[in-house]
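Descriptive structure summary
Chain residues, written in single-letter form:
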Amino acid sequence: MADPSSYRPRPGEIPDSPGVYRFRDEHRRVIYVGKAKSLRQRLANYFQDLANLHPRTRTMVTTAGSVEWTVVSTEVEALQLEYSWIKEFDPRFNVKYRDDKSYPYLAVTMNEEFPRVQVMRGHKKKGVRYFGPYGHAWAIRDTVDLLLRVFPVRTCSAGVFKNAARTGRPCLLGYIGKCSAPCVGRIDPDDHWDLADEFCDFMAGRTGTYLRRLERQMAEAAEEMEYERAARLRDDIGALKKAMEKSAVVLADATDADLIAVAEDELEAAVQIFHVRGGRVRGQRGWVTDKVEEITTGALVEHALQQLYGEETGDAVPKEVLVPALPDPVEPVQQWLTGRRGSGVSLRIPQRGDKKALMETVQRNAQQALVLHKTKRASDLTTRSRALEEIAGALALDSAPLRIECYDISHLQGDDVVASMVVFEDGLARKSEYRRFQIKGFRGQDDVRSMHEVITRRFRRYLAEKERTGEWADGEGLEYGEQGANGRAATTGHTAPDGPTASEAPAATTGRAGADDGEILMDGPALKDDDGRPKRFAYPPQLVVVDGGQPQVAAAQRALDELGIDDIAVCGLAKRLEEVWLPREDDPVVLPRTSEGLYLLQRVRDEAHRFAITYQRSKRSKRFRSSPLDDVPGLGETRKQALIKHFGSVKKLRSATIDQICEVPGIGRKTAETVAVALAGAAPAAPAVNTATGEIMDDEDGAPETEDGAPGTRADAPGEPVSAGTPDERRGQER
């Protein structure tokens, strides 16, 4: 390990100019390439106190043995030189996107005498027009098969072409009208080249011209009573429209644009690109990269742009590139793209409308690609076994943790506090044993206390189940009536001899949350005892993982100690640096970035977070949709909707007389009296809030109500108004 001060340049030696710098290791291999608007300011950041550097940056500067730089005139030149050096030296600490496969393109060899349409992969060749990339080669062949009716361009290989020219007989496509047969002289080279050019224009999105021309020719043929020719033209139009339907219109203004989305976690990032031409998605591709350096989303976007357009020129670079975050600074990148295209390129973040909606679709694809990448790693049996062994070694366990349970707490600013429990067995999710908890021991925001309550409740149930099945000897185990740490009796949720309590029954059986502790199973096959009753907390894990650091780990361990359980290991995974914390340890366990064990712990943690926040959001949405009519006994959905439809709002219904309520079809006097009493005793809802602007709406106008009388933007109790702001801002308040 080198000391950065040993190769630090002397003061004043580094120029205050744009440039590109290289870090080399002791063997003179380039390990990192970067660019800077000011070399002096940027390089000074690497030679500060090591404790202040990001761990990955610290690793890079201690691995390096020297640094050198090249001064350039502009930031655009720096961007170009950085891209060239990264391709030349392949530095280990630079972000490198890797394709998970070689994407196929539809290629037209316009550099040949008789251009050919074919599927091509690999490096692009000069003089060949490319369209795509496509997800599958069969998608290209299906599209070409439809278009050959209208544009009968050559598709055969050079060998087949020469053989047909020698024998004077075309191939089968020439006989059925799907090839113009230039091999036997049915069309001269210039006309065939024009035909291929028209094919390229259609694939580039200029479809309207050809459709209108064919429709005009069809009408002329029908007027001249050439019905067979008109029928063929009709079929050609149908073929073109069917080919167009394979790529749906996503932008109505015939936009040419590329949309780039990034999904990332602490260690990896996935990039998805949608190529839109003529308002239609013409291709899609994606990359995954290891985050071997400290990097922002904007920097990830910049690296993606370099890889995407570094070898492209002309129309291959679209007029508009939409991204989730802009590089810093953005002007050099935009100038570089403009230079590659030869005309102006707009690089921006979509804010509204169809482009923002399409960007959200691309973002979902990026998220799915990242999940799929991690799942592929986890699905391999050998990989899973190695991951479990690495976890056991890192945490000093006696054996591999074949059953892992992970817990996470979720809330929105202290409201609707819930927890999740996910189960992984042999490194794979066991969704039939997932649980969800409502925190009931206290109100407010306290993740540590919530974690203690959840662990206590889960393992109290385990002890109760163990005693019920007779696994304990007489007099062993927890005495019922003992108080837990949250002050509730240990008999909470105890299974009576005649069956499980409502709180313990799986959701697939009861169809609702438990009335007591709120544990819920995901829908799925429940494990059964010999007597047919569902097993609830029968199996203990070898490892409990909590989402959090030292405080959450200490709370979980304290809960197990209070219950007398000493054979279950506990650890926590902290999000910031993906450190693994152990009870009663001052320093975390840091697993290698490439560790399969770390990947498995991350996946378990992320699944617990997903399960918890989904439950929290569903509870919040139900609370916002609640109505005073929900508490009226005997009033079903149909009659609630009839009342709201008749009066228009709960406010007007509350002020109505019993006789007026009786006028609603299906509402008798007794029901009307019940409704009137229920509404009179219910507190009026809080003022309606426009969540788009944050304005309080006029009481006379009221908030828009759903059919069951629930105000669309009201809270369910006075003093709890709906928080205003955009969905992204509200998601930022969730945990």
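One can find the structure itself at the top, above this paragraph.
Summary of the structure given here. As the structure is a prediction and not an experimental result, all values here were calculated from the model.

Points about the overall build of the chain
- A count of helices and strands for the chain gives 22 helices and 19 strands.
- Counting all 735 residues of the chain, 48% fall into the buried class.
- Considering only contacts within the chain whose residues lie at least 6 apart along the sequence, 64% involve residues at least 24 apart.
- Surface summary for the chain: the accessible area is close to 35,700 Å², and the carbon and sulfur share equals 49%.

Brief notes about the packing of helix 14 (residues 447-468) against helix 16 (residues 550-562)
- It is at 8 Å that the axes of helix 14 and helix 16 come closest, and there the two elements cross at 35°. The handedness of the crossing between helix 14 and helix 16 comes out as right-handed. Every residue of helix 16 that contacts helix 14 at Asp447, Val448, Met451, His452, Ile455, Thr456 and Phe459 is listed here: Pro551, Gln552, Ala555, Ala556, Arg558, Ala559, Leu560 and Glu562.
- Class assignment for the residues of the contact of helix 14 with helix 16 results in 9 nonpolar, 3 polar and 3 charged.

Notes on the packing of aromatic side chains
- Considering all chains together, one arrives at 14 aromatic pairs under this definition.
- Ring centres of Tyr21 and Phe23 lie 6.1 Å apart, and the angle between their planes is 90°; this geometry places the pair in the edge-to-face category. For the residue pair Tyr21 and Phe23, the accessibility class agrees, reading buried in each case.
- Aromatic rings pair up to connect Tyr7, Tyr21, Phe23, Tyr32, Tyr46 and Phe47 into one cluster.

Considering the environment of Ser180
- Counting through the fold element by element, Ser180 comes out in the loop between helix 6 (172-175) and helix 7 (189-203).
- The spatial distance from the C-alpha of Ser180 to the C-alpha of Leu195 is 9.4 Å, given a sequence separation of 15 residues.
- In this view, Ser180 contacts Pro152, Arg186, Ile187, His192 and Leu195; residues no more than four positions away in its chain are not counted.

What to know about a nonpolar patch on the surface
- Together, Leu172, Tyr175 and Ile176 make up a nonpolar patch on the protein surface, roughly 360 Å² of accessible area in all.
- Summarising the element assignment, Ile176 is placed in the loop between helix 6 and helix 7.
- What makes Ile176 partly exposed here is its relative accessible area of 49%.

Brief notes about the nonpolar core
- Counting 27 residues, the largest nonpolar core has Tyr407, Val454, Ile455, Phe459, Val544, Leu560 and Ile565 as its most contacted members.
- Mapped by element, the contributors of at least two residues to this core are strand 12 (403-412), strand 13 (415-425), helix 14, strand 17 (543-547), helix 16 and strand 18 (569-574).
- Per element, the largest residue contribution to this core is 6 residues, and it comes from helix 14.
- Ignoring anything within four residues of it in the chain, the contact list for Ile455 reads Tyr407, Val544, Ala556, Ala559 and Leu560.

A closer look at the sheet that holds strand 6 (residues 129-131)
- The strand order 5-4-6 describes an open sheet built from 3 strands, whose pairing is antiparallel. Each having just a single partner strand, strand 5 (117-120) and strand 6 make up the two edges of the open sheet. Averaged over all adjacent pairs, the angle separating strand axes in this sheet is 35°, with direction ignored.
- The sheet contact formed by strand 4 (residues 105-108) and strand 6 spans 3 bridges and is antiparallel. Each bridged residue has a counterpart across the sheet, and for Ala107 the counterpart in strand 6 is Tyr130.

Some points on the packing of helix 10 (residues 297-309) against helix 11 (residues 331-341)
- Where helix 10 contacts helix 11, the axes come no closer than 12 Å and their chain directions differ by 10°. Classified by the angle their axes make, helix 10 and helix 11 are roughly parallel. Each of Glu302, Leu305, Gln306 and Tyr309 in helix 10 lies in contact with helix 11, whose residues at this interface are Val333, Trp336, Leu337 and Arg340.
- Classifying every residue of the contact of helix 10 with helix 11 gives 5 nonpolar, 1 polar and 2 charged.

Focus on the pairing of strand 12
- Buried residues dominate strand 12, accounting for 10 of its 10 residues.
- Burial along strand 12 is two-sided: the residues Arg403, Glu405, Tyr407, Ile409 and His411 and Ile404, Cys406, Asp408, Ser410 and Leu412 are all buried.
- Where strand 12 folds back onto strand 13 in an antiparallel hairpin, the turn is made up of 2 residues, including Gln413, whose phi is positive at roughly 50°.
- As judged from the 4 bridges shared by strand 12 and strand 17, these two strands associate in the parallel manner. Among the inter-strand pairings, Tyr407 is bridged to a residue of strand 17, identified as Val546.

Quick word on helix 16
- With 13 residues, helix 16 should reach 18 Å at 1.5 Å per residue; the first-to-last C-alpha distance of 18 Å fits that figure.
- Within the span of helix 16, buried status applies to Gln552, Val553, Ala555, Ala556, Gln557, Ala559 and Leu560.
- Close packing links the buried residues of helix 16 with helix 14, strand 17, strand 18 and strand 19 (579-581).

Quick notes on the pattern of salt bridges
- The full count for this structure, using the stated rule, is 26 salt bridges.
- Taking the shortest distance from any N to any O, the salt bridge between Glu68 and Arg24 comes out at 3.0 Å. Highlighted residues: Glu68 in strand 3 (residues 64-71) and Arg24 in strand 1 (residues 19-25), separated in sequence by 44 residues.
- Owing to a relative accessible area of 21%, Glu68 belongs among the partly exposed residues under this scheme.

A word on a negative patch on the surface
- On the surface, Asp188, Asp190, Asp191 and Asp194 cluster together into a patch of negative charge.
- Among the secondary structure elements, Asp191 is positioned in helix 7.
- On the accessibility criterion, Asp191 (40% relative accessible area) is partly exposed.

Some remarks on the side chain of Glu453
- Tracing the backbone through its elements, the reader meets Glu453 in helix 14.
- Owing to a relative accessible area of 1%, Glu453 belongs among the buried residues under this scheme.
- Here Lys440 takes part through its backbone nitrogen, which lies 3.1 Å from a polar atom of the side chain of Glu453.

A few points about the sheet that holds strand 3
- The sheet built from 3 strands is open, its strands ordered 2-1-3 with antiparallel pairing. What marks the edges here is a single partner per strand, and that holds for strand 2 (30-36) and strand 3. Taken pair by pair, the neighbouring strands of this sheet meet at an average axis angle of 20°, ignoring direction.
- Where strand 1 meets strand 2, 6 bridges bridge the pair, whose relative direction is antiparallel. Directly across from Arg24, in strand 2, lies its bridge partner Val30.
- Relative to strand 1, helix 1 (residues 39-46) is tilted by about 30°, and along the sheet it contacts strand 1, strand 2 and strand 3.
- Of the strands in this sheet, strand 1, strand 2 and strand 3 are in contact with helix 3 (residues 75-89), which crosses strand 2 at around 170°.

The rules we used
Residues numbered from 1 in each chain as written. Predicted model: local features only at pLDDT ≥ 70, side-chain atom pairs only at ≥ 80, totals over all residues. Heavy atoms only, no water. Helix = DSSP H or I, 4+ residues; strand = E, 2+ residues; numbered from the N terminus. Buried < 20%, exposed > 50% of the residue type's maximum accessible area, 1.4 Å probe, protein only. Contact = heavy atoms within 4.5 Å. Areas by Shrake-Rupley, 256 points an atom, 1.4 Å probe, with all protein chains shown as cover. Axes fitted to C-alpha atoms, helices over the stretch in contact; angles between N-to-C directions. Left-handed = near helix turned anticlockwise from the far one by under 90°. Nonpolar A, V, L, I, M, F, W, Y, C, P; charged D, E, K, R; others polar. Phe/Tyr/Trp six-rings, centres within 6.5 Å; stacked < 30°, edge-to-face > 60°. Patch = residues over 30% accessible without salt bridge, like charges linked within 9 Å, V, L, I, M, F, W, Y side chains within 5 Å. Salt bridge = Lys/Arg side-chain N within 4 Å of Asp/Glu carboxyl O. Core = buried A, V, L, I, M, F, W, Y, C linked by side-chain atoms within 4.5 Å. Pairing = 2+ DSSP bridges. Parallel < 35°, antiparallel > 145°, perpendicular 65-115°, else oblique. Expected span 1.5 Å × (residues − 1). Lys, Arg positive; Asp, Glu negative; His and termini not counted. Charge placed at Lys NZ, Arg CZ, Asp CG, Glu CD. Polar contact = N/O pair within 3.5 Å; in protein donor to acceptor, adjacent residues only side chain to side chain.

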